[in-house]
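Structure assessment
Chain by chain, the residues run as shown.
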Amino acid sequence: MRDLIQSGVALLIALLVLSGCLWAAEEQILGFTPEEAREQLEWERRFDELVERYNVRDWIRRLSARPHHVGSPYGKQNAEWIAQMFRSWGYETRIEEYRVLFPTPRRRRLEMVAPRQFQASLEEPPLPEDSTSGQRDEQLPSYNAYSIDGSVEGELVYVNYGVPEDYLELERRGVEVAGKVVIARYGGSWRGIKPKVAAEKGAVGCILYSDPRDDGYYRGDVYPRGSFRNPRGAQRGSVSDMPTYPGDPLTPGRGAVADAPRLNREEAPTLTRIPVLPISYTDAQPLLEALEGPVAPPSWRGALPLTYHLGPGPARVRLEVEFDWGLAPAYNVVARLEGAERPEQWIMRGNHHDAWVNGAQDPVSGMAALMEEARVVAELARQGWQPRRTILYAAWDAEEPGLIGSTEWAEHHAQELTEKLAVYINSDSNGRGFLSVGGSHALERFSNQVARAVTDPQTGVSAWKRWQARVIAATPEGEEPEARSQDDLPIYALGSGSDYTPFLQHLGIASLNVSYGGENSGGSYHSIYDSFDHYARFGDPGFQYGVTQAQTTGRMVLRLASASVLPLRFENFATTVGDYAREVMELADRMRRETAEHNQRLAEDSWKLSADPRETFVEPEPLAPVPHLNFAPLQNALQQLRESVDAYAAASGAPADLTAEQQRRLDALLLQAERRLTRESGLPGRSWYRHQIYAPGFYTGYGVKTLPGVREALEQRRWKEAEEQVVVLREVLQGFAAHLERAARIWTEAK
């Protein structure tokens, strides 16, 4: 990483020299007339001057001073304090309460009963160097929320990351997990996928641990000497089946207000089917040492001082977990600054305030930056700045157990949000490093413009230039010239893992997720060591990137709230969707080729040639051939999309060309554009997820699946469903294209 940073800085300097005056080369700000743009830039200059890093520092210290999980006393105090601060700045502010299922541990026990006795400590010790790590009476112990109660015993099997591909490897090696307890290392997917797949394969229990190769001394010095996870650090976290639906498990599709109809807990489909428990790598080491059976493949081997075996056994473990399954209050703080001209159009910023323990990095670093941003926005309003559109700021509760606070609020207010919310901008953890932006590709050009206007505090060049340097450093050799010449750097597609999910993927609201990081790596995540002491040393020393985060998302809010016309552009979206379509068609071709090669090897008995003679492998089964799949409907829809996007771009002019009434009509159409990419019936098997372009993968969780209906049908070899989803996607893209054509006609009227 150090070499990458040094080469990146050198490259940045060279790029800056070549680029000349940064802002002089910038194109007109999207959505503004030249005169409005000059005024806007002046307000942004004032914004930058007003942002105060000591506020970020002090508020991180204040919010992370005590553990504040959902339902905790300090969680409520934080919500009330945040609301008080927003009111003092002039926002109309309210706290909205929901009652949500939140299990907390009554009993946790893990012991090895053979070939020798060992009992896991399941404890994270306080450290003298960490002033809040000893708050035992208020800390949640390490556990996985939404694991079912259970007491199970069985032979142990090591399953690597515990994703579907790992079980295929186990089957190839003749290792059965049915009736066994599996142990999986964190990484490779979202943690909730691991017990989900284990249960599907017949396992009776699941243990999760952080291997030092991924999250410990292999990466660098451990805490408190360095930032990485120490031997007894454990990662808490939810294991609900969020790819089915996020939010309160008992109230899918509706807000969890006090009198909401609720499922019985036994009916809730997002709870695990087997008990789950996270442990430290100190507790994991004796279990893994006692395993025998085949040696794990090289890519499965972690950094513990042992030979990694797969099992099963002779290690045999007993796992017991029991929970208090009560409802807890979740407190969402929502603040409002009324728009002067189009108050019925909303721009929203959000970050969650709850944590598993003290949460200085996750989420308080982002929450403090949002608050400083909101303070300065309110100060500009006092100085005479007036937003055209209404601005909402939210501090969400209960994000950690499963995006609950934001999801319940979005479900509760779904109709009004569908009518009024133009863009949602999310943040979460923040730290030193590079700008990272993900979201709706209609906002890609807008995001690039904002990044060009923000200065990176470490290098003195723009956040965009530093972002570009990182992209170039990661570009395969020979392709760098193309990366250097890109006008717009690509933003990543959103899967799940933070509070944008209900807005983008359920309601179809154009969304962004924005943060800084990459030079703040460490192992404090979801442990008692995610503290102010850890963050001040390793997360953002000097709190400069809290300022930069506020300046970045603050600019986004100022521009979105003030623009004459919403600054959405669709050329990059069309190109990106075309890339996704090419990927799924290539996936089908690759699967067809690999299936044929697999079956040919079986017929020739040549599959044994690659087998390690020291290992026993199970002869694989032949695969059904991949049929011809008709992608013509998708290809035709892509052509129509491209034509409509080109027509909109050609028709678009300057906002001053439009009358006030035309601007309002155009905005109404642009506000609804992302909605046209959703479908009321949702994705196959999970109707809550309605967006047809972006969704979390059913077996990745956080990781995105683009064109998910088609892609996941292919991956699961459901050929009929794949062709059906091609037709669905055609209809969605054609509807989106027709919507853009209506917007283009408004520009044509003005000429």
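A brief look at the structure comes next.

Ordered in space as β3-β2-β10-β5-β6-β7-β9, the seven strands form an open sheet in which the pairing is mixed. Each edge of the open sheet carries a strand with a single partner, namely β3 (118-119) and β9 (276-279). Pairing of strand β2 (residues 104-114) with strand β10 (residues 316-324) involves nine bridges; the strand directions are antiparallel. The residue of β10 that forms the bridge with Met-112 is Val-317.

Another point: the sheet that holds strand β14 (residues 421-426). If you trace the seven strands from one edge of the open sheet to the other, you get β1-β11-β13-β12-β14-β16-β15, paired in mixed fashion. Unpaired on one side and paired on the other, β1 (92-101) and β15 (433-439) mark the two borders of the sheet. Adjacent strand axes in the sheet meet at a mean angle of 20 degrees, parallel and antiparallel pairs treated alike. Relative to strand β16 (residues 510-518), β14 is paired through four bridges, and the arrangement is parallel. The residue bridging Tyr-424 from the neighbouring strand is Ser-511, located in β16.

The next subject is the packing of helix α2 (residues 34-50) against helix α17 (residues 544-562). Relative to each other, α2 and α17 sit at 150 degrees, their axes nearing to 11 Å. If you check the angle between α2 and α17, you find them roughly antiparallel. As for how α2 packs across α17, the hand of that crossing is right-handed. Contacts from Gln-40, Leu-41, Glu-44, Phe-47 and Asp-48 in α2 reach Ala-550, Gln-551, Gly-554, Arg-555, Leu-558, Arg-559 and Ser-562 in α17.

Below, the discussion takes up the pattern of salt bridges. Scanning all chains against the criterion turns up 54 salt bridges. A salt bridge links Asp-589 to Arg-592, with the shortest nitrogen-to-oxygen separation between them at 3.0 Å. In this pair, Asp-589 and Arg-592 both sit in helix α18 (residues 571-604), three residues apart, roughly one turn of the helix. One connected set of salt bridges, linked through shared partners, spans Glu-36, Glu-341, Arg-342, Arg-388, Arg-389 and Asp-667.

So, about the packing of helix α20 (residues 660-673) against helix α22 (residues 719-749). For the pair α20 and α22, interaxial distance at closest approach is 10 Å and the crossing angle is 165 degrees. With respect to α22, the axis of α20 lies roughly antiparallel. Between α20 and α22 lies a crossing of left-handed hand. Contacts from Gln-662, Arg-665, Leu-666, Leu-669, Gln-672 and Ala-673 in α20 reach Phe-736, His-739, Arg-742, Ala-743, Ile-746, Trp-747 and Glu-749 in α22. Of the residues belonging to the contact of α20 with α22, the class tally is seven nonpolar, three polar and three charged.

Attention shifts here to unusual backbone geometry. In this model, Gly-311 is joined to Pro-312 through a cis peptide bond whose omega is 0 degrees. Locating Pro-312 in the fold gives a position in the loop between α8 (281-289) and β10. Of note, the phi angle at Leu-122 is positive, near 55 degrees, even though the residue is not glycine. As for its position among the elements, Leu-122 is in the loop between β3 and β4 (144-145). On the accessibility criterion, Leu-122 (7% relative accessible area) is buried.

Rules used in this analysis
Along each chain, residues carry numbers from 1 onward, in the same order as the chain's sequence is written. pLDDT decides what is reported in this predicted model: residues at 70 or higher carry local features, side-chain atom pairs at 80 or more are listed and counted, and totals for whole chains, interfaces and linings draw on all residues regardless. By convention in this description, side-chain values take in all heavy atoms of the structure and omit both hydrogens and water. Between any two strands, at least two bridges found by DSSP are needed for them to pair. Counting from the N terminus, the helices are DSSP H or I runs at least four residues long and the strands are E runs at least two residues long. Angles here are taken between N-to-C directions and fall from 0 to 180 degrees, while the axes themselves are lines fitted to C-alpha atoms, restricted in helices to the stretch in contact. Small angles under 35 degrees read as roughly parallel and large ones over 145 as roughly antiparallel, with 65 to 115 read as roughly perpendicular and the rest as oblique. With the far helix as reference, a near helix turned anticlockwise by less than a right angle produces a left-handed crossing, and one turned clockwise produces a right-handed crossing. Any two residues having at least one pair of non-hydrogen atoms within 4.5 Å are treated as being in contact. Within this document, salt bridges are pairs made up of a side-chain nitrogen of Lys or Arg and a carboxyl oxygen of Asp or Glu, the two lying within 4 Å of each other. Classification used: nonpolar for Ala, Val, Leu, Ile, Met, Phe, Trp, Tyr, Cys and Pro, charged for Asp, Glu, Lys and Arg, polar for all others including Gly. Summary of the burial criterion: residues with accessible area below 20% of their type's maximum are buried, those above 50% are exposed, and those between are partly exposed, where the area comes from a 1.4 Å probe applied to protein chains only.

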